[in-house]
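# Descriptive analysis of the structure
Given next are the chains, with one letter for each unit.
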Amino acid sequence: MRHRDTDSVVLWWVTVFGDFWFGVSWLLNQASKLNPIRRVPNLALLNQRFDPPGNGSSSSSSQLPAVDVFINTVDPVDEPVLCTMNSVLSILATDYPVGRHATYFSDDGGSLVHYEALLEVARFAAVWAPFCRKHRVEPRAPESYFAAKADNAGPYAGDAPAQFVDDRRHVRREYEEFKARLAALFTVIPQRSEAHGPDSAKGATPTFMADGTHWPGTWFEPAANHNKGQHAAIVEVVLNHPGDEPQLGAPASSENPMDLSAVDVRLPMLVYIAREKRPGYDHQKKAGAMNVQLRVSALLSNAPFVINFDGDHYINNSAAFRAAMCFMLDPRHGEDTAFVQFPQRFDDVDPTDRYSNHNRVFFDATSLGLNGIQGPSYVGTGCMFRRAALYGADPPRWLPPDGSVSKQLSSSDNDPCHHFGNSMPFINSIPLATHHERPVSPPPASPLDAELAAVATCAYEDGTGWGDCVGWVYNIATEDVVTGFRIHRKGWRSMYCATEPDAFRGTAPINLTERLYQILRWSGGSLDMFFSRNSPLLAGRRLHPLQRVAYANMTAYPISAAFIFLYDLLPLMWLSGSEFYIQKPFATYAAYMFAGIAMMEVSGMVEITWAGITLLDWCRNEQFFMVGATGVYPAAVLHSLLRLVGLKGLPFKLTAKPQSSGAAAARERFAEVYEVQWAPLLVPTVVVIAVNVAAVGAALGRAAAGGWSLPQLAATAGGMLFNAWVLLLLYPFALGIMGRWSKRPYLLFVLLVVTLAAIASAYVALLPVFAPRSVSPFWLGFWSRVGSSIFPTSWRI
């Protein structure tokens, strides 16, 4: 802690605080990994106890609990409708009792395209779901299934191998026709509306449904009460509850070439929801949409468990629901388990995972560590919840001996309307949500229509606990992490479930700019959580101490960026003179520094060994952390500082999904990874790269000119090692801003060499002019002769 250079005391204090913070954050990160646990679901035992062999998904005697599935989407263009409908199809065909799961599709844009696309899904699913059950194909999203190569399909698992090829050919034709009908919706609906003519009362051309009535949601030509921010609530049952008794299909015929005489052809319940939108209301984005789904589903099916998906995720392993049930129904910890989180896996990520989209270190290392404490955090999609936990109930282990979850929910407040709103049918459904053995019953037809519309209105949540102590949490960008934290704070556990093959797969933002905006939203929301009343530092005694440490690390990590960014700019300072602004003696400092770095890297190697990830995954994680720390995390810190002083903060841009498909995608599968979308978020990292490249070039030039003494030369070599390490970590970013030139990575190294040579040459040429005393006599004489022939007389040495 001694320092003799009074000229750089401020910088020295920055390094002291920076090194201290790095040490603390590293210890916080390690504390959550002290007891990693890998839990594997035992599907055979689950089926034996709750769904005996031979019953399958068509059995009326299955004792598996009911599940409500939530899917969320906003725009059929930004989130391609084909991708979203594939997600729905994978759910309708999943390996779970047909009468015991229902799907609720939330369209936050109120688009008729989505509603009529669901009608087309119901039509095609009558062929697709029986085909999947008959031949037990995987995955059960048709786009992914038909795109997979035959070599990756695995051995045939169905009961009719002789019919498989013909059936597959027939279903493939049906799917191509289905895709054509989906694509035509964007043309058919406007043409249908134009044929009906404008509405004189509205002064605009309404959007008409197929039955000739006005679409109550968003019109193609927006008008009052019919645009994205202003329309009535819509709840439409697309597929009714199928009942509990199996219905076998028809044998093969000239009209139906598939033999379905031994296959249950029922389809699960499917419901379309577009919640009400009104000006002046904060609709709370995704969290608000899922809370509406929670209320609507309680009135229709009221399953004790719910699972949510983003619109771009589909079921890749049809046994995923059963895998989650292994943890929820486990007699050891099942009753105290609030949610089961699956890892996020993605299609269409480049083979090297340039921007660390898979985030393997978090999902396959950190989450396993959390699994040994109180459980992993909620990450927004692919998560099964216990409905009672979302309602704010306490876990059984924290209830009095004579209490129960259902009893607590029914008597937790003298006025339940204060918490849950004024819908008595919904309030009456709350205690029933804890009954695992209760089957889903077909909902009544008309009596609930008005109630369904009421719970989907904007004003329903006014003055209630929704968004605070009930449902998904509001007023934060990372509603997922905060919702999971609120549940953990009540004393609930969570479980991490990784299956083989992956349970769910989705679409990742493989464009650099979109990926950085995604990281900005996550990091900014994390800091907002850390400085809010949901801070892990303020949680009660029910939160495990190490779980508190893990949440503190997950929410405060962007603070490191302030020190990292300054460290990355140090070359500007140490190249300005011969003095290095670090603690002396340099050799001792370097010994401690490299020993500490070596120990951390060795611990990282141990971590990837027990986590089962590759060295490339670990390197990509390190690289993209540096990319975030130089540009994204400083912006997140700025956002939180603005919020703390009462300002609005930075606007968070929603992540756009890859749009390439069809012929374009076939020609160039990873086309979007080579697109460059310049944004202010890229500038700080570009500056860091430029500074470090300039530092190396100038150091090489000064060494060539003989401007370093031998001790200075050794110190410069150590400094250049730091520069090289920074540039290596920022390598994916440099490739990203090269655009299509990054298809040939060697060009980046050629450009680097040329740039270093140019900077070194310029430095050598200018050094005798501006700092002649730092040049050796030989080079000084040489440049004097050169200068006399090139530079004006007034510039001569």
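Residues numbered from 1 in each chain as written. Predicted model: local features only at pLDDT ≥ 70, side-chain atom pairs only at ≥ 80, totals over all residues. Heavy atoms only, no water.

### Topic: the overall build of the protein chain
The criterion, for reference: Strands here are runs of E lasting at least two residues and helices are runs of H or I lasting at least four, both read from the DSSP assignment and numbered beginning at the N terminus. Three exposure classes are used, based on accessible area relative to the maximum for each residue type with a 1.4 Å probe and protein chains only: buried under 20%, partly exposed in between, and exposed over 50%. The contact criterion used is simple: two residues touch if any of their non-hydrogen atoms lie within 4.5 Å.
Scanning the protein chain for helices and strands turns up 27 helices and 13 strands. By residue count, 53% of the 797 residues in the protein chain fall in the buried class. In the protein chain, of all internal contacts separated by at least 6 residues, the share reaching a separation of at least 24 is 78%.

### As for the packing of helix α18 (residues 560-568) against helix α21 (residues 615-644)
Counted only if it meets this: Each axis is a line fitted through C-alpha atoms, and for a helix only the stretch in contact is used; angles between axes span 0 to 180 degrees, taken between their N-to-C directions. Roughly parallel here means an angle under 35 degrees, roughly antiparallel means over 145, roughly perpendicular means 65 to 115, and every remaining angle is called oblique. Polar here means any residue outside two lists: the nonpolar Ala, Val, Leu, Ile, Met, Phe, Trp, Tyr, Cys and Pro, and the charged Asp, Glu, Lys and Arg; Gly therefore counts as polar.
Where α18 meets α21, the closest approach of the two axes is 9 Å, and the angle between their N-to-C directions is 105°. It follows from the interaxial angle that α18 and α21 lie roughly perpendicular. Here A561, I564, F565 and D568 of α18 lie close against α21, whose contacting residues are F625, M626, A629, T630, Y633 and P634. Each residue belonging to the contact of α18 with α21 can be placed in one class, and the counts come to eight nonpolar, one polar and one charged.

### Let's talk about the UniProt feature "active site" (unreviewed entry) in the protein chain
Under the convention used in this document: UniProt positions are given in the numbering used here, feature names are shortened, and annotations may be inferred rather than shown by experiment.
When the UniProt feature table is mapped to this numbering, "active site" (unreviewed entry) covers D108 and D480. In this structure, D108 is in contact with T73, V74, R275, K277, K285 and A289, ignoring residues within four places of it in sequence. Assignment of secondary structure puts D480 in helix α15 (residues 479-489). Ignoring anything within four residues of it in the chain, the contact list for D480 reads Y378, V379 and G380.

### Quick look at a nonpolar patch on the surface
Rules: A patch consists of residues exposed above 30% relative accessible area that lack any salt bridge, with like charges linked at up to 9 Å and nonpolar side chains (Val, Leu, Ile, Met, Phe, Trp, Tyr) linked at up to 5 Å. Using a 1.4 Å probe, accessible areas were evaluated by the Shrake-Rupley method; residue-level cover was limited to the displayed protein chains. Here, a salt bridge means any Lys or Arg side-chain nitrogen found within 4 Å of an Asp or Glu carboxyl oxygen.
On the surface, W26, L27, M593, F594, I597, M600 and L721 cluster together into a nonpolar patch covering about 610 Å² of accessible area. If you list the elements that add at least two residues to the nonpolar patch, you get α1 (9-31) and α20 (586-611). No other element matches α20, which puts four residues into the nonpolar patch. Among the secondary structure elements, M593 is positioned in helix α20.

### Describing the UniProt feature "binding site: UDP-alpha-D-glucose" (unreviewed entry) in the protein chain
Selection rule: N or O atoms closer than or at 3.5 Å make up a polar contact, with two conditions inside protein: a donor-capable atom paired with an acceptor-capable one, and, for residues adjacent in sequence, both atoms drawn from side chains.
What UniProt calls "binding site: UDP-alpha-D-glucose" (unreviewed entry) maps, in this numbering, to E79, D108 and K285. Within the secondary structure, E79 is located in the loop between β1 (67-73) and α3 (81-92). At 2.8 Å, the side chain of E79 and the backbone nitrogen of V74 are in polar contact. Residue position: K285 is located in helix α7 (residues 285-300). Dropping the residues within four chain positions of it, K285 is found in contact with D108 and R275.

### As for α1
Definition in use: To estimate the expected span of a helix, count its residues, drop one, and scale the result by 1.5 Å.
Its 23 residues give α1 an end-to-end C-alpha distance of 33 Å, which sits within 8% of 33 Å, the value for a rise of 1.5 Å per residue. Every buried residue of α1 is listed here: L11, W12, T15, G18, S25, Q30 and A31.

### Describing the pairing of strand β2 (residues 101-107)
Heads up, the rule is: Whether two strands pair depends on DSSP finding at least two bridges between them. Look down the strands so they point away from you; if the path from the first strand over the helix to the second goes clockwise, the crossover is right-handed.
For β2, a buried count of seven out of seven residues is recorded, marking the element as mostly surrounded by other parts of the structure. Burial of the side chains of β2 extends over both faces: H101, T103, F105 and D107 are buried on one face and A102, Y104 and S106 on the other. Note: β1 against β2, seven bridges, orientation parallel. By the bridge assignment for β2, V69 is matched with T103. Taken together, β1, α3 and β2 form a β-α-β motif whose crossover is right-handed. Bridge count between β2 and strand β6 (residues 269-274): five bridges; the pairing is parallel. Following the sheet pairing, F105 is matched in β6 by Y272.

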